[in-house]
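Residues per chain, in single letters:
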Amino acid sequence: MASITQIRHRLFLIALVPLLGVAAAGVLRADDTATETTIPDVPAEAAEAVETIIVTPSDDPNPPVTQLDPDSPPEPWDPAEIGDFNLVDQLGRPVTKESLMGRPWVANFIFTRCAHQCPAMCVKIKQILERLEDSDVRFVTITVDPEHDDVERMAQFADVYSADPDQWLFVTGDPAEVYRLIRKGFKVAAWENFGSDRLPGFEFAHSMALVHVGPDGRVLGKYNSQIDDELVTMRRVLEGRIETPPEHRPVPPIEEEPDLRNVPAQNVPAWVLRLPTTNASLNALATLLLLVGFMAVKAGKVQLHKQMMLYAFATSIAFLMFYLTYHFALHHYTGESSRKFTGTGTIRTVYLTILLTHVVLAAAVPVLASITIYRAWRQQWDKHRFIARITFPIWLYVSVTGVIIYWMLYHLPTA
């Protein structure tokens, strides 16, 4: 038998529903035109506490955000997939991720002692379900006060709205399990109020979001139950008339740049991972050969100069072949054609400056070197000396900066 408190609570909710029905009327009219919802006045202190929960309106071009506790800043709302959970509904039946698979469902969050927003949200859900009469969508109403809201109280709350237990579940369970699902699964706000914020009927602050979950358990969208336009949008999505708008979708996860120094050998062959070091070694060798060749011609050792410059040219050609091989192979095995520099600030500016000049001048080296060697072979010494004065500093700069870029990209601590 229900206690006096439970009977009083039920009578209060029954009396409240007609008022809220009037307040929510017109939310889902046949012409899909949203109207303004009027809610009875609430204490200013309670309204201020509720306003701390952040939900992005549908016309905001920015991605949706969430605030998981009152002391943390808003952050991107980025749930990907709801993990396993084990709760119970108003009939005491187990509710798990597995039991909800195969049908789309919409989660929302309430507590039965709520004096204002939770009943209003449930009235709106009731109206949505009446419009979705032939749909296989289920609503799953989860309490944020599981220590108080046991199965019996959730059943009483469900009875107020004449909830069909096959289409509208009122769920509770172990507090740790409930909060893990709400905050780590759905990644929405829910916390208990204390001190001056804890007024009767406002013991908890929580998200007023409706979270759409697909039949495969993936989170598809989030809608603010307090914004009628968003409820209309959600209903159109549930009916299959439109796709989930971008502003309601979870923020895509940030893909981390692969650390090619720690890529497992089974993903990238060892010979590919060794190529950056090989290429740097070839650049270093070309630098040495160029310097020896330069000193040889200054010393009048023409034959030694000729040999060193031809060796340097062959080394640079080998570098070009290995360089292209590395980037093609890297893209094949990882989907990334290069390793990106992760340093910031001044060091990044320095790196990008060196890289830009290196790339631009490197494209000129094969042409300039070929012309210089050709004029020497044709014994056009005046023309050879003229172009050599242009080719040599560019060639030397490209070879030296090739080694510097390798060191900054793979061995500099800030990178």
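See the structure printed just above.
The rules behind the values
Chains are numbered independently. Their residues run from 1 in the order of the written sequence. Given that the model is predicted, a residue must reach a pLDDT of at least 70 before its local features are reported, and side-chain atom pairs must reach 80 or more before they are shown or counted; all residues, however, enter totals for whole chains, interfaces and linings. As a convention, hydrogens and water are excluded, and side-chain values are obtained from all of the structure's heavy atoms. Helix numbers and strand numbers start at the N terminus; a helix is a DSSP run of H or I with at least 4 residues, a strand a run of E with at least 2. In this scheme, a residue with accessible area under 20% of its type's maximum is buried, one over 50% is exposed, and one in between is partly exposed, where area comes from a 1.4 Å probe on protein chains only. Contact definition: two residues touch when any of their heavy atoms are within 4.5 Å. Every accessible area reported is derived by Shrake-Rupley at a probe size of 1.4 Å, with residue values counting cover from the shown protein chains alone. Excluding any residue in a salt bridge, patches collect residues exceeding 30% relative accessible area, merging like charges within 9 Å and nonpolar Val, Leu, Ile, Met, Phe, Trp and Tyr side chains within 5 Å. What counts as a salt bridge is simple: a side-chain nitrogen of Lys or Arg found within 4 Å of a carboxyl oxygen of Asp or Glu. A 3.5 Å cut-off defines polar contacts: any pair of N or O atoms within that distance qualifies, except that in protein one atom must be a possible hydrogen donor and the other a possible acceptor, and neighbouring residues in sequence count only when both atoms are side-chain atoms. When DSSP finds two or more bridges between a pair of strands, those strands are recorded as paired. Helix axes are fitted to C-alpha atoms over the stretch in contact, other axes to C-alpha atoms as well, and angles between N-to-C directions run from 0 to 180 degrees.

(A) Examining the overall build of the chain more closely. Secondary structure assignment for the chain yields eleven helices and eleven strands. Looking at the 415 residues of the chain, the share that counts as buried comes to 44%. Within the chain, contacts between residues separated by at least 24 positions form 71% of all contacts whose residues are at least 6 apart in sequence. Total accessible area on the chain stands at roughly 21,900 Å², and carbon and sulfur atoms take up 60% of it.

(B) Spatial organisation of a nonpolar patch on the surface. A cluster of nonpolar side chains, Leu-291, Phe-294, Met-295 and Val-297, forms an exposed patch at the surface whose accessible area comes to about 340 Å². Within the secondary structure, Leu-291 is located in helix H8 (residues 270–298).

(C) Quick look at the environment of Arg-385. As for its placement among the helices and strands, Arg-385 is situated in helix H11 (residues 381–410). On the basis of relative accessibility, which here comes to 42%, the residue Arg-385 falls in the partly exposed class. Separated by 13 residues in the primary sequence, Arg-385 and Thr-372 place their C-alpha atoms 8.1 Å from one another. Within the structure, the side chain of Arg-385 is placed 2.8 Å from the side chain of Asp-382, a separation counted as a polar contact.

(D) Examining the sheet that holds strand E7 (residues 168–171) more closely. Strand order in the open sheet made by the five strands is E7-E6-E5-E10-E11, with mixed pairing throughout. Only two strands of the sheet have a single partner each, and these edge strands are E7 and strand E11 (219–224). Put simply, the sheet's adjacent strands are angled 20° from each other on average, direction ignored. Sheet topology places strand E5 (residues 105–110) next to strand E6 (residues 138–143); six bridges connect them, and they run parallel. Among the inter-strand pairings, Asn-108 is bridged to a residue of E6, identified as Thr-141. Along the sheet, helix H5 (residues 151–160) makes contact with E5, E6 and E7, crossing E7 at roughly 150°. Sheet strands touched by helix H6 (residues 175–186): E5, E6 and strand E10 (209–213). Its angle to E6, the strand with the most contacts, is close to 120°.

By themselves, these are just geometric observations and shouldn't be taken as functional.
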